[in-house]
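Residue-level structural notes
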Amino acid sequence: MTSLPDTSGAGQKKLGLVIDLDVCVGCHACAVSCKEWNTGGYSAPLSDERPYGDEPMGAWLNRVHSYQADDGGRTQTVHFPRSCLHCEEPACVTVCPTGASYKRVEDGIVLVNPETCIGCKLCSWACPYGAREYDYDHGVMKKCTLCVDRIYNDNLAPEDQVPACVRACPTSARHFGDLGDPQSDVSKLVAEREGYDLLPEMGYKPVNKYLPPRKRRDDRLEADASRVEEPLAGDGSALERLFAWADAKLSG
Amino acid sequence: MHPAYSVIVFTTASGAGYGLLALLALLTVLGVEPQARWFMPVSLALALALVTTGLLSSTFHLGRPERAWRAFSQWRSSWLSREGVLAVVTFAPAGLLFLASVFGYGSAGILAALGVATIGLAAATVYSTAMIYASLTTIRTWHNAWVAPNYLMLALASGSVLLMCLWSLFGAAPDLLATGAIAALAVAGGFKIAYWRAVDGEEKTRTVEAATGLGEFGAVRPIDPPHTSANYIMKEMGYHVARRHAAKLRRIALLLAFALPALAILLAMNSAGPLAAALSVAAVASCAAGLVVERWLFFAQARHVVMLYYGDKVA
């Protein structure tokens, strides 16, 4: 059913990710790990077209952009992973004509049922965040499942019962937890670091939050006159005068 | 947005088909039709064929066409589902009108009821088609109050050009019909211009800074792409026609879809016999070509907010 479940109640579980842009180094390990897990998991396959050709293309559920912010004086590079935000008001779900796209009542995860998706692509049009990628080979839409096949999987070691991207991140830039619980670690992190929503004015109410880069100390070097090296004074020899003459001629 | 040719064929053909269907139903309700015995059956068959062609065409862009039947289930939330349901329901009264016309069934009351139902359902189906686009807040040029009036008027105008043509082929079309078709073309063209003015004049308020949340650190621009060649998002949402081509194509669309058909119908009003019929056929051909250009532009000029992540400054 693509009508949204009522998830407004107190204590509603809202599983999601918190992405720390301060520590992300843009290594793409999260994206690669996501692809590796999910091409064999719930969304299998995540097909590729021409994987070894000139213009390889394929369905990925996580993409890492790199942006530069320039305030006119100094620039800052920010690596920016982008995946499904598991919105509270996901238009991708309500536009779905078949019910294949749905939001789970129990934890708020937004999923596509690959058995009933007709591949009309309308959900991807409805998503402002580019979270859904069409699988041309499978003929259905693919998206982040928040590794629903890992996080509840008792066959995995406890430390592996998190999304593959979180497990893979070497700098702990990705955090997973219940953002509906104000006492959870992720909620505290968001409160402490002033985590924010992407495109909040669009009203999709993303569950995933981004933590802004910390303010950098202004460490630009002031010009220091004492550090400027004076050219060595010449000795006035004939050879030196020849070089000075040649330099002047060549520079002319 | 990438203009899927199956969707262009679908929306233009089914729009014209529903327009013609509604007008034929109106003739039935009013009890006005040409003397020719086969006018109504042939015309209704053409309208139903256009609608059916459009609907079948719309399934060609699906990844899993064999599952298309599932699209009838989510009418509570999805305009695409509503469109599918309404399209199928419309076949009931319209199909009965067709059968009645074939067999010469003549109970005025029942025909009028079927006609009214057909008009209402045809309009509702076209409205649903428009709302599939108009409900998407992610695409500014579609999420616009003029989109639904545009689709409805374009269906009515193209339907009236078709009706004019069919009537001319079966005998002399009444001046009132020709005048009505010209008026519908004028209103539809006016709505199209109003739509273009509205979308051109709208301020683009969404920025790459808001999309990334990095505005406090300065102006944001991409420095490294997330992937080395275009992905689905860039192919589907990144398609965009150059502005100078768009301006030229708009003029071509206005000329072919509205101006030339109106002129041809005006000339047909003032001529008779084969010449009038030929002019009416030319009006249909021009209108169809113009609407394909118009619909292609509707897609190719639409810019999706997700492109903020891929280099657009504002959306």
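Below is a short write-up of the structure. (Residues numbered from 1 in each chain as written. Chains lettered and ligands numbered in written order. Predicted model: local features only at pLDDT ≥ 70, side-chain atom pairs only at ≥ 80, totals over all residues. Heavy atoms only, no water.)

Description of the pattern of salt bridges
The full count for this structure, using the stated rule, is 18 salt bridges over all chains. Between glutamate 133 of chain A and arginine 63 of chain A there is a salt bridge, and its shortest N-O distance comes to 2.8 Å. Here glutamate 133 of chain A is found in strand S8 (residues 133-135), whereas its partner arginine 63 of chain A is found in strand S4 (residues 62-70), with 70 residues between them in sequence. Each member of the pair, glutamate 133 of chain A together with arginine 63 of chain A, is buried. Between lysine 215 of chain A and glutamate 216 of chain B there is a salt bridge, and its shortest N-O distance comes to 2.5 Å. Note that lysine 215 of chain A is positioned in the loop between strand S11 (209-211) and helix H7 (238-251) and glutamate 216 of chain B in the loop between helix H7 (208-212) and strand S1 (219-224), a pairing that runs across two chains. According to the relative accessible area criterion, lysine 215 of chain A is exposed, its value standing at 60%. (Salt bridge = Lys/Arg side-chain N within 4 Å of Asp/Glu carboxyl O. Helix = DSSP H or I, 4+ residues; strand = E, 2+ residues; numbered from the N terminus. Buried < 20%, exposed > 50% of the residue type's maximum accessible area, 1.4 Å probe, protein only.)

Some points on the packing of aromatic side chains
Centre-to-centre distance and the angle between the planes together describe a pair of aromatic rings. Scanning all chains against the criterion turns up 25 aromatic pairs over all chains. Ring centres 6.1 Å apart and planes at 65° place the aromatic pair tyrosine 136 of chain A and tyrosine 232 of chain B in the edge-to-face group. Of the two residues, tyrosine 136 of chain A is situated in the loop between S8 and strand S9 (140-142) and tyrosine 232 of chain B in helix H8 (residues 232-237); the pairing between them involves two chains. Taken together, a centroid distance of 5.9 Å and an interplanar angle of 20° make the contact between tyrosine 133 of chain B and tyrosine 151 of chain B stacked. Placement of the pair is tyrosine 133 of chain B in helix H4 (residues 108-134) and tyrosine 151 of chain B in helix H5 (residues 147-170), with a sequence separation of 18 residues. With a relative accessible area of 4%, tyrosine 133 of chain B lands in the buried category. Given the relative accessible area of 5%, tyrosine 151 of chain B is considered buried. Three or more aromatic residues joined by ring pairs form one cluster here, namely Trp125 of chain A together with Tyr133, Trp142, Tyr151, Tyr195, Phe298 and Phe299 of chain B. Above the ring of tryptophan 79 of chain B, the side-chain terminus of arginine 82 of chain B is found at 4.4 Å from the ring centroid. (Phe/Tyr/Trp six-rings, centres within 6.5 Å; stacked < 30°, edge-to-face > 60°. Lys NZ or Arg CZ within 6 Å of the ring centre and 35° of its normal.)

Quick notes on the sheet that holds S11 of chain A
Residues and elements named next belong to chain A. Spatially, the 3 strands line up as an open sheet ordered S10-S1-S11, and their pairing is mixed. Only two strands of the sheet have a single neighbouring strand rather than two, namely strand S10 (174-178) and S11. Each adjacent strand pair in this sheet contributes to an overall mean axis angle of 25°, direction not counted. Bridge count for strand S1 (residues 15-20) against S10 is 5 bridges, and the pairing is antiparallel. Bridge pairing in S10 places valine 18 opposite histidine 175. Seen against the sheet, helix H6 (residues 185-193) touches S1, S10 and S11 and runs at an angle of roughly 120° to S10. (Pairing = 2+ DSSP bridges. Axes fitted to C-alpha atoms, helices over the stretch in contact; angles between N-to-C directions. Contact = heavy atoms within 4.5 Å.)

Remarks on a nonpolar patch on the surface
Residues and elements named next belong to chain B. On the surface, Leu26, Val29, Leu30, Val32 and Val116 cluster together to form a nonpolar patch covering roughly 400 Å² of accessible area. The element that contributes the greatest number of residues to the nonpolar patch is helix H1 (residues 5-30), accounting for 3 residues. Mapped onto the fold, valine 32 is located in the loop between H1 and helix H2 (39-58). (Patch = residues over 30% accessible without salt bridge, like charges linked within 9 Å, V, L, I, M, F, W, Y side chains within 5 Å. Areas by Shrake-Rupley, 256 points an atom, 1.4 Å probe, with all protein chains shown as cover.)

A short note on the sheet that holds S1 of chain B
As summarised here, the arrangement of the 3 strands in space is S5(A)-S4(A)-S1(B), forming an open sheet in which the pairing is antiparallel. Of all strands in the sheet, those bounded by a partner on one side alone are strand S5 (75-83) of chain A together with S1 of chain B. Direction aside, the axes of adjacent strands within the sheet are offset by 35° on average.

What to know about the nonpolar core
Within the largest apolar cluster, 149 residues are counted, with the highest numbers of intra-cluster contacts made by Trp125 and Tyr129 of chain A together with Leu24, Trp142 and Tyr309 of chain B. In terms of residue count, the dominant contributor to this core is H5 of chain B (14 residues). Counting only domains with at least three residues in this core, you end up with domain 1 (1-135) and domain 2 (157-315) of chain B. Filtering out sequence-adjacent residues up to four positions away, tryptophan 142 of chain B remains in contact with Trp125 of chain A together with Met1, Tyr133, Ala134, Leu136, Val147, Tyr195, Phe298, Phe299 and Ala302 of chain B. Val186, Val190, Val207 and Leu211 of chain A belong to the second largest nonpolar core, which has 7 residues in total. (Core = buried A, V, L, I, M, F, W, Y, C linked by side-chain atoms within 4.5 Å. Domains from an automatic or database assignment.)

Considering the packing of H1 of chain B against H5 of chain B
Residue and element names in this part refer to chain B. The geometry of H1 relative to H5 is characterised by a closest axis approach of 7 Å and an angle of 65° between their N-to-C directions. When you trace H1 past H5, the crossing you get is right-handed. Every residue of H5 that contacts H1 at Thr11, Gly15, Ala16, Gly19, Leu20, Leu23, Leu24 and Leu27 is listed here: Tyr151, Ala155, Leu156, Ser158, Gly159, Ser160, Leu162, Leu163, Leu166 and Trp167. Tallied by class, the residues present in the contact of H1 with H5 amount to 12 nonpolar, 6 polar and no charged. (Left-handed = near helix turned anticlockwise from the far one by under 90°. Nonpolar A, V, L, I, M, F, W, Y, C, P; charged D, E, K, R; others polar.)

Concerning helix H1 (residues 29-38) of chain A
Owing to its 3.6 residues per turn, the α-helix aligns residues three or four sequence positions apart on the same side. Turning to H1 of chain A, its buried residues number three or more, namely Cys30, Ala31, Ser33, Cys34, Lys35 and Asn38 of chain A. Residues of H1 of chain A that are buried sit in contact with strand S2 (48-49), strand S3 (57-58), S4, helix H5 (164-168) and S10 of chain A.

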